[in-house]
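Architecture at a glance
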Amino acid sequence: MRVANMVPDMEYNLNQSQQALSVALQQVTTGLRVNQPSDDPGAAATMTISLASSNTVDQYTANISSVTSQMQTADSSFSAIVTSLNTAVTLGTSGAGGTVSTANKQAIASELEGVLSSVVAQGNASYQGVYLFAGSASSTLPLVPASTTYTSLAGTVALPLTATYPLTPGSVTTISDASTGKSFVFTVPAGGGTISQFSTAVASAAAAGTLSAGTTATINSTGQLSVNSNSSSDGIVVTTNDPALGAMNATPGTEVANSYAYVGNSTVNSVPVGDSLSVATNVPGAQLFTAGANVLGALNGLITALQTGTSAQIQAATTAVSTSLNSVTQQRVPLDNSISQLNSQESFLSQETLTLTTQQTALVGINLATSATNLAQAETANSAVLAAAAKVLPQTLLSYLPQG
C-alpha cells in the first residue's frame, strides 16, 4: 500500500484523537459532561427546564428574604404597642379610683401622653425607608398630628378662590378625621368639578358620620379654601394633589393636643412565594390604629377623662383602651402566621433548590475521578496516534499536522 493512500485515514484519526482530547480536557476544566447542546441534546433540553425551575425558586426565595426582616420589625412594633396599651390600662385603672387626687390624675394623664407618643412612634416605624403600617403608601408617614383647620396654598384676597372655581379632573383630596377614625376621599370627575361640589360632598360626609359633625369646606376671608372641623377637640388632616388648590396646610395654632389622623391606606400588601402561594406582608394602620376599636382615639379619650372627667368616665375610657388592646392582639395574629408561613416556605424552597441542583448535576455533571481517567485515556490515545503517524507518514507531512 502506498503511503499517499494512508494520509486521509491518518488525518481522520488524528482529528478524532484531538477532538476526544479537547472534550476530555474541557470536562476536567468545567466539571461538566455536557458543555453544549450537541454533547447530549436530551440532557441539554431537560437541563433548560430544570434551570428555569431553579430561577423561579430563587426568585421566591429572594421575595421571602426581602420581606421577612421587614415583617419581623413590624411584629416588634406590635409587641411594643401591646406593652404600651397594657401600661395605659394599668394607669387608667389606678386613676379611676374615687380617692385619687386631681393632681395625681393630671400626673397620670401626663404619663399617658408619653404612652400615646410611644404608640404613634411605633405606628410610624419604618424598615429601610418603608413605613410598615401605611398600607401601599409605604413612603408616606402614616400617623400625622391633627389640627382643626386646613387652608389651601392657592387663593389670596387679590385673587380669591370662589365656589364656582374649577377643580382639576382626576385630582384627589382627602380628609382624614382623627375623631371618627375614617377618611373622606373626593375625586374630581373626568367632566370636571368645582369647590362648591367639594363643599357639598364634605357636608354630606359629616352628616353620614365619616367626618366629625359640623365639618365644613368654605372660602375664607383671605380667599383660600378652608376645611374646618368646627370643634376644638376634633382634629383632621387634609391632603390634595389638585394644582388648582395647591398644598393644604394646617393653620398654625389649630393643633389638637394628643390627636393624630391616619393618612396611609387600607391596602394589604402581598408577595408571591410559590407557584400558587402569596403571603400577606403587612397590617394597614387604618384597621390597627383608627378604625374599629380606634387605639389612638381610646388613648386620647383616657387622657381627656383623667384631665377633666369623673371616675366613671375614666373607668369607661380605660375599658375602651382595654378593648383596643384586645383588637391589636387579634390583628397581630395574621402577621405572626404569615411570618411562620414564610419560614416554612423558605425551608421547602431550600430543599427544592437542593433537589434541582442534584438533578442538574446528574444531567450534565461528571465525576472528577471519571473525568481525570477520561483525560488520561484521551492523552494516551492521542500519543499513540501521533506515534503511528510518525512511523507511517513522511516527516514533511507530519510537520503540518496539529501536535496538541
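Notes on the structure in this doc start here.

On to the sheet that holds strand β9 (residues 216-219). Read across the sheet, four strands follow the order β9-β10-β4-β12 without closing on themselves; strand pairing throughout is antiparallel. One side of each edge strand has no neighbouring strand; the edge strands of this open sheet are β9 and β12 (248-250). Pairwise comparison of adjacent strand axes, ignoring direction, gives a mean angle of 25 degrees for this sheet. Where strand β4 (residues 149-152) and strand β10 (residues 225-228) come together, three bridges link them in antiparallel fashion. Residue pairing for β10: Tyr150 is matched across the bridge by Val227. Those strands touched by helix α4 (residues 195-208) are β9 and β10, and its axis lies near 155 degrees from that of β9.

The next point concerns the side chain of Ser50. Here Ser50 shows up in helix α2 (residues 41-95). For Ser50, a relative accessible area of 3% gives the class buried.

This brings us to helix α3 (residues 102-123). When the terminal C-alpha atoms of α3 are compared, their 31 Å separation across 22 residues agrees well with the 32 Å that a helix rising 1.5 Å per residue should span. Buried residues of α3: Lys105, Ile108, Ala109, Leu112, Val115, Leu116, Val119, Val120 and Gly123, and no others. In an axial view of α3, the angular spread of the buried residues amounts to 140 degrees, which keeps them on one side of the axis.

The next thing to look at is the side chain of Thr318. As for its placement among the helices and strands, Thr318 is situated in helix α7 (residues 311-364). Polar contacts involving the side chain of Thr318 include one to the main-chain carbonyl oxygen of Gly92, which spans 3.5 Å. Leaving out residues up to four positions away in the same chain, Thr318 has contacts with Val89, Gly92, Thr93 and Leu302.

Attention shifts here to the pattern of salt bridges. Applying the stated rule across the entire model yields two salt bridges. A salt bridge links Asp75 to Arg332; its shortest N-O distance comes to 3.0 Å. With Asp75 in helix α2 and Arg332 in helix α7, the pair connects residues that are 257 residues apart, well separated along the chain. The class for Asp75 is buried, based on a relative accessible area of 16%. As a salt-bridge pair, Arg332 and Asp336 come within 3.7 Å of each other at their nearest N and O atoms. Separated by four residues within a single helix, Arg332 and Asp336 lie in helix α7, roughly one turn from each other. Note on Asp336: relative accessible area 26%, which makes it partly exposed. Three or more residues are tied together by salt bridges with common partners; here these are Asp75, Arg332 and Asp336.

So, on to the packing of aromatic side chains. Two descriptors summarise a pair of aromatic rings, namely the distance from one centre to the other and the angle between the planes of the rings. Under the criterion given, the structure shown has four aromatic pairs. Centre to centre, the rings of Phe133 and Phe289 are 5.7 Å apart; their planes meet at 90 degrees, and the pair counts as edge-to-face. Remark: Phe289 occurs in helix α5 (residues 285-290) and Phe133 occurs in the loop between β2 (130-131) and β3 (143-147); sequence separation between them is 156 residues. Of the two residues, Phe133 and Phe289, both sit in the buried class. Judged by centre distance (6.3 Å) and plane angle (40 degrees), the rings of Phe184 and Phe198 are tilted. Of this pair, Phe184 sits in strand β7 (residues 183-187) while Phe198 sits in helix α4, placing them 14 residues apart in sequence. An aromatic cluster is present here, built from Phe78, Phe133 and Phe289 joined pairwise through their rings.

This part takes up unusual backbone geometry. Glycine aside, a negative phi is what most residues show, and trans is what most peptide bonds show. The phi dihedral of Asn230 is positive, around 60 degrees, even though this residue is not glycine. Among the secondary structure elements, Asn230 is positioned in the loop between β10 and β11 (236-240). Its relative accessible area of 48% is what places Asn230 among the partly exposed residues. Positive phi, normally seen in glycine, also occurs at Asn258, with a value near 60 degrees. Summarising the element assignment, Asn258 is placed in strand β13 (residues 255-262). Classification of Asn258 by relative accessible area gives buried; the value is 18%.

Definitions and cut-offs
- Numbering of residues starts from 1 in every chain and runs along the sequence as written.
- Note on the predicted model: pLDDT of at least 70 is required for a residue's local features to be given, and 80 or more for side-chain atom pairs to be given and counted; whole-chain, interface and lining totals, by contrast, use all residues.
- Values reported for side chains reflect all heavy atoms of the structure, with hydrogen atoms and water molecules removed beforehand.
- Strands qualify as paired when DSSP identifies two bridges or more between them.
- Every helix listed is a DSSP run of H or I at least four residues long, and every strand listed is a run of E at least two residues long, numbered separately from the N terminus.
- Helix axes are fitted only over the stretch in contact, all axes being lines through C-alpha atoms; the angle between N-to-C directions runs from 0 to 180 degrees.
- A contact between two residues is defined here by any heavy atoms of the two lying within 4.5 Å.
- In this scheme, a residue with accessible area under 20% of its type's maximum is buried, one over 50% is exposed, and one in between is partly exposed, where area comes from a 1.4 Å probe on protein chains only.
- For a helix, the expected span equals 1.5 Å multiplied by the residue count minus one.
- What the arc measures is the spread of directions leading from the helix axis to the C-beta atoms.
- Whenever a nitrogen or oxygen atom comes within 3.5 Å of another N or O atom, the pair is scored as a polar contact, on the condition that within protein one atom can donate a hydrogen and the other can accept it, and that pairs from neighbouring residues in sequence are kept only if both atoms are in side chains.
- Here, a salt bridge means any side-chain nitrogen of Lys or Arg that lies within 4 Å of a carboxyl oxygen of Asp or Glu.
- Within 6.5 Å between ring centres, the rings of Phe, Tyr and Trp (the latter by its six-membered ring) count as paired, and their orientation is classed by plane angle as stacked under 30 degrees, edge-to-face over 60, tilted in between.

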